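Below are the chains, spelled out letter by letter.
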Amino acid sequence: MRRDIDRLMNEQGLAGLVVLALDRYSPAMYYMTGQKIHVGLYVRASNGHAHLVVDPMERDQAAASGIDHSTLTQHGWVQRVERESKPLRAWAGLIADMLENLGIKGRVAFYGEATVGNGWELIEALRAKRPDLVIDDTHPDVLTRARQTKDDDEVANIRRSSEGIVAAWDSLVAYVRTLRRDGETVVDGMRAVKLGDLRALLHREFVARGLEGGESIVAQGRDAGVPHNRGNDEELLRPGAPVIVDIFPGEAGGGYFSDFTRTFCVGVAPEPVKRAWDDVHSAFREAMGAMRVGEPCRSLNEKVCDVFEARGHATRRTDPSLQEGYVHSLGHGVGLSIHEAPLLGGPPSNLDKLEPGMVVTVEPGLYYPSRGLGVRIEDTVVMRADGGFENLTPAAYELEILIPA
């Protein structure tokens, strides 16, 4: 959690922490300041002393952060750029000065959003100015460790995104129930319904609730059998074909995400789809039944593998190169990034256990593109201090949405 930053920095042997925002939203900057500052520099010493330098246009956000702050103008920014000839070298000089001002010497962790080349150039320029500096390369890094658990304010933000997800899903189901079947086509009045119509509906619901939809998945049939296939908006919605809807919006403008998946068929599902859905639902219930504080994250995925293998499905536990069957881990952390620590699965080196404040997904799935099907069920849950969990995305688990002919 954020309140653990200083303790984690000292445990990791850090003298300081630097976050640089180069005219773009940075989850790390938001995490450390509580503000969506797009141009700025945050420097923190291991004793908790911190300073924030911002573009003058963002001085109000800096003031709202409650952090000691100044503006680029106050640091002679224009003159720095002229003197250094390149903005990245000017940033390196400013970072060096701020480290000096805060008495930071030794190992420093760096965060921000930049291209790999720009990041490399920045660090090389900084090393030239501060050859004594040690760049932290510890894994997991200090922010990954801190962000692995969420405080009450963070959970509240994720809960709002989750509520928007459930409302959007309910709207989609309600819309599908208004449709009718015309032979092998699903129609709205006289118009054939496309997958893009469903995606557009979801995104309208997100916008109405202050969320951004990102790259949602609405994939049907064979495409549903490839986990991250986004689906084809021009494809007609087909009766009896499995449709995976995986939606993961976050706060508009950057912020906290949630994650959710359901699989449905319009009308009666074919028997192979029913069997796959039943197997996934059984694995999902097995995993949810084992969710408790102290449970090894990796063991949850092992339980799901047990269910699937007992029902005749291949898993990556026995074949890491698998492309059909259960082809991924059980889940992942959710927060300022849609995928973050911890991982529910992974190699034996993953020794993480569920802790209070962790927000994770539970998402078993089966994928058979060669058979024209894929099934996934997913909810986002938060681990509670009492050892249990709260499901943040409660919605019905129904495969078939029946409509009239």
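Definitions and limits used
- Residue numbers here run from 1 along each chain, matching the order of that chain's written sequence.
- Restriction of local features to residues with pLDDT of at least 70 applies here, the model being predicted, together with a cutoff of 80 or more for giving and counting side-chain atom pairs; totals for whole chains, interfaces and linings are based on all residues.
- Water and hydrogen atoms were dropped before computing side-chain values, which therefore reflect all heavy atoms in the structure.
- When DSSP finds at least two bridges between two strands, those strands are taken to pair.
- A run of H or I in DSSP counts as a helix once it spans at least four residues, and a run of E counts as a strand once it spans at least two, with each numbered from the N terminus.
- Throughout, a residue-residue contact means that at least one pair of heavy atoms, one from each residue, lies within 4.5 Å.
- Buried, partly exposed and exposed residues are distinguished by accessible area as a fraction of the type maximum, computed with a 1.4 Å probe on protein chains only: under 20%, between the cut-offs, and over 50%, respectively.
- We define a polar contact as two N or O atoms separated by no more than 3.5 Å, with the added condition that, inside protein, one atom must be a possible hydrogen donor and the other a possible acceptor, whereas residues neighbouring each other in sequence contribute only through side-chain atom pairs.
- Any pair of Phe, Tyr and Trp rings, taking the six-membered ring for Trp, is counted once the centres come within 6.5 Å. Such a pair is stacked with planes under 30 degrees apart, edge-to-face with planes over 60 apart, and tilted for the rest.
- Whether a charge lies above a ring is judged from NZ of Lys or CZ of Arg, which has to be within 6 Å of the ring centre and within 35 degrees of the ring normal.
- What counts as a domain boundary in this text is fixed by an automatic or database domain assignment.
- Note on definitions: buried area is the accessible-area loss of two parts on being combined, 1.4 Å probe, summed for both.
- For this analysis, a salt bridge means a side-chain nitrogen from Lys or Arg found within 4 Å of a carboxyl oxygen belonging to Asp or Glu.

Description of the sheet that holds strand β11 (residues 217-220)
Taking strand neighbours across the sheet as the criterion, the four strands line up as β11-β12-β14-β22 in an open arrangement whose pairing is mixed. In this open sheet, the two strands that pair with only one neighbour each are β11 and β22 (400-401). Strand direction decides the pairing type here: β11 and strand β12 (residues 243-247), joined by four bridges, are antiparallel. Of the residues in β12, the one forming a bridge with I217 is D246.

So, the environment of V155
By the element assignment, V155 lies in helix α8 (residues 152-177). Distance from V155 to Q35, taken between C-alpha atoms, is 17 Å for residues 120 residues apart in sequence. Discounting chain neighbours no more than four positions away, the residues touching V155 are K150, V359 and V382.

Points about the side chain of T361
Positionally, T361 belongs in strand β17 (residues 359-362). Owing to a relative accessible area of 0%, T361 belongs among the buried residues under this scheme. At 3.0 Å, the side chain of T361 and the side chain of E363 are in polar contact. What T361 contacts, discounting residues up to four positions off in sequence, is D259, L330, G331, H332, V334, L344, E378, D379 and T380.

Some remarks on the packing of aromatic side chains
For the coordinates displayed, the defined rule picks out seven aromatic pairs. Taking 6.2 Å as the distance between ring centres and 55 degrees as the angle between the ring planes, the aromatic pair formed by Y30 and Y256 counts as tilted. With a gap of 226 residues between them, Y30 in helix α2 (residues 27-33) and Y256 in the loop between β13 (250-251) and β14 (260-266) connect regions that are remote in the sequence. Given a relative accessible area of 13%, Y30 falls into the buried group. Accessibility expressed as a relative area gives 2% for Y256, which makes it buried. The rings of Y25, Y30 and Y256 are connected pair by pair, giving a single aromatic cluster. Sitting over the ring of Y31, R2 keeps its end group 5.6 Å from the ring centre. Above the plane of the ring of Y30 lies K36, whose end atom (NZ or CZ) is 5.6 Å from the centre.

Some words on the domain arrangement of the protein
How big an interface is tends to be stated in terms of accessible area lost as the parts join. Segmentation of the protein into domains returns domain 1 (2-146) and domain 2 (149-401). The gap between the C-alpha centroids of domain 1 and domain 2 is 36 Å. In total, domain 1 and domain 2 occlude about 830 Å² of area from one another, counting both sides; carbon and sulfur atoms represent 43% of this. It is R2, Y30 and K36 that lose the most area in domain 1 upon contact with domain 2, and together they represent 45% of the buried surface on that side. Summed over the shared surface of domain 1 and domain 2, the result is one salt bridge.

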